[in-house]
Amino acid sequence: MLKGLMMESQLTTNAILRRAEMLFGHREIVTRLPDKSFHRYTYKDFVERAKKLAVALRDLGLRRGDRVATLAWNSYTHLEAYFGIPAAGGVLHTLNLRLPPEDLIYIMNHAKDRILLVDHTLLRLYEAIKDKVHLDHVVVMGAPGELPLGYLDYEALLSAADLDRYEELSLDEWEAAAMCYTSGTTGRPKGVLYNHRALVLHSLGVALPDAIGLSERDVVMPVVPMFHANAWGIPFAATMVGARQVFPGPYLDPVSLLEDIQEARVTVTAGVPTIWLGILQELDKNPGKWDLSSLRSMTVGGAAAPRGMIKGFEKRHGIRVVHGWGMTETTPVGTLCTVPPEMDGADEETLYDIKAAQGRPLVFIELRARNEEGIVPWDGKTMGELEIRGPWVAAAYYEAPEARDRWTEDGWFRTGDIVAIHPQGFMEIKDRDKDLVKSGGEWISSVELENHLMAHPAVAEAAVIAAQHPKWQERPLAAVVLKEGQTATEEELKQFLAQKFPKWWLPDAIVFVPEIPKTSTGKFHKLVLRQEYGEYLLARDREDESV
Ligand code: AMP
């Protein structure tokens, strides 16, 4: 092999930080604070504080590769952690604040987190689990005053850290930089360990014009949480291009978000369909009230964006919606639905059919789908399980050898999504081969709910399916068979579940059935249940409305 003669310049988050410092020092970063006011500072402040965080973490004893967890909303301090932790040689481990306490405990112990950075407003989540996790330090961000004994104050740490002591580590692009756990379809949550190279290449990929499309002229607001799949990599990509950044903090209701967009003149934003469904309703209710003239595009993903919603935004409010698909395992963006020039003349309905699909793969990402007969043709009809590969696709889960079967023998990742691929490369999700419910963009484990229901003395069998819901898109519905001679009410069973799971995990309906349909191998036949009860909540809603 004749080796090329190019420099060995490592693709690391530090390279993004250096660029931000060199070119974008004056640009602004705006955050909605818990008291609803706006915090504003510049990239210069951000870079300095990220470096100080790196110094402080090393002073606290952080070693190369140690995990530092965050439990935080989208904010400037979380952005500092996104860059400061990897700059210290650590691994940014974002914890999903919506998880049940037991999952959080499992995840923190499995990842062996050593330090936690937690928003003051979320401290109660940590306090509920603190006896069961093993951290060296807990650092509180945004504390309004004195902290109880045992906690460190983020601002005090940064003030004490001397910027002159910041020394850039020579990081390797293959080194771990971040980690994020995803709900396991079977068993416990699984950890995805991102390297620097994946984060950097993903940033380039999503920033391209035919992807999310980000430039220095943009004002970017990720509504998608920074605690779920790196907020689709937007904090890294926006910092890379030097865009003005806006963080909504804990306020994700339609009115607050519309205020943010209007106030900060946001041009690009991204989030799950539930968020945009709420915003569309508000816009339809109060036409002309909100000035969204700055908004250039809105990326929607994490769950299927309804066709009617995409059309509603575009036709009634002139807002372009870009539908995307991704997974925690794919850093996370895999496909985005931008329309190629050949389709410009297509009739409106065809265009909306295309826009409602999940889109084409980003640069360097390859897709294929497979059914029992092998790899399926790209004919837009034949369905198969989606498989994916590329430089920002996980090659294994962190310390979970039992999940090796999620990868094919030739190294593609099996997504568990059932799709058809159109001749032009548009991928369309048709179904999901995963026993999970995605409610408002966050996962609920059907298996965990079923297991706990079946632990109730009156329950013989229980199966949980994802039922369609107008706001949350999916909500859990449980079908329950009672033991002979036993009784239990829906309310009783919900209360039983509430002992273990957060409120938003509780099924919207529990239906009592004589038996659960089974497949030939004796497993619950969820497809049959879904056919019967998939629209149960929609029908119940309609009935309620007509009363
Ligand atoms: P997560 O790891 O939480 O990001 O979830 C990834 C999963 O969410 C995918 O495997 C899909 O099942 C689902 N998903 C993500 N985006 C979409 C989309 N645009 N349409 C339908 N399902 C989606």
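Residues numbered from 1 in each chain as written. Predicted model: local features only at pLDDT ≥ 70, side-chain atom pairs only at ≥ 80, totals over all residues. Heavy atoms only, no water.

Caption draft 1: Spotlight on the sheet that holds strand 19 (residues 384–389). The 5 strands lie next to each other as 18-17-19-20-21, forming an open sheet whose pairing is antiparallel. Only two strands of the sheet have a single neighbouring strand rather than two, namely strand 18 (374–375) and strand 21 (427–432). As paired elements, strand 17 (residues 366–371) and strand 19 share 5 bridges and run antiparallel to each other. Looking at the pairing, Arg-370 lines up with Glu-385 of strand 19. (Pairing = 2+ DSSP bridges. Helix = DSSP H or I, 4+ residues; strand = E, 2+ residues; numbered from the N terminus.)

Caption draft 2: The arrangement of empty space enclosed by the protein in detail. Tallying each qualifying case throughout the model produces 3 cavities of 30 Å³ or more. Its volume calculated, the largest cavity comes out at about 140 Å³. Along its surface, the largest cavity is lined by 14 residues, and Asn-96, Leu-99, Tyr-181, Ser-183 and Trp-443 are the ones closest to its centre. Contributions of two or more residues to the lining of the largest cavity are made by strand 8 (176–182) and strand 23 (442–445). Of the residues assigned to the lining of the largest cavity, the class counts are 7 nonpolar, 5 polar and 2 charged. Approximately 50 Å³ is the volume attributed to the second largest cavity. Surrounding the second largest cavity, His-93, Thr-94, Leu-95, Asn-96, Leu-99, Leu-104, Ile-107, Cys-180, Tyr-181 and Phe-227 form its lining. Of all the secondary structure elements, the ones that give two or more residues to the lining of the second largest cavity are strand 4 (91–94), helix 4 (101–111) and strand 8. For the lining of the second largest cavity, a count of residues per class yields 7 nonpolar, 3 polar and no charged. (1 Å grid on protein atoms, 1.4 Å probe; cavity = no way out; pocket = protein on both sides within 12 Å on 5 of 7 lines; lining within 4 Å. Points joined across faces, edges and corners; volume = space filled by probe spheres on them. Nonpolar A, V, L, I, M, F, W, Y, C, P; charged D, E, K, R; others polar.)

Caption draft 3: Region of the structure containing unusual backbone geometry. Note the cis peptide between Thr-331 and Pro-332, where omega equals 5°. Take Pro-332: it is sitting in the loop between strand 14 (321–326) and strand 15 (333–336). Phi angles above zero are rare outside glycine, and Lys-36 is one such case at about 80°. Secondary-structure assignment places Lys-36 in the loop between strand 1 (28–32) and strand 2 (38–42).

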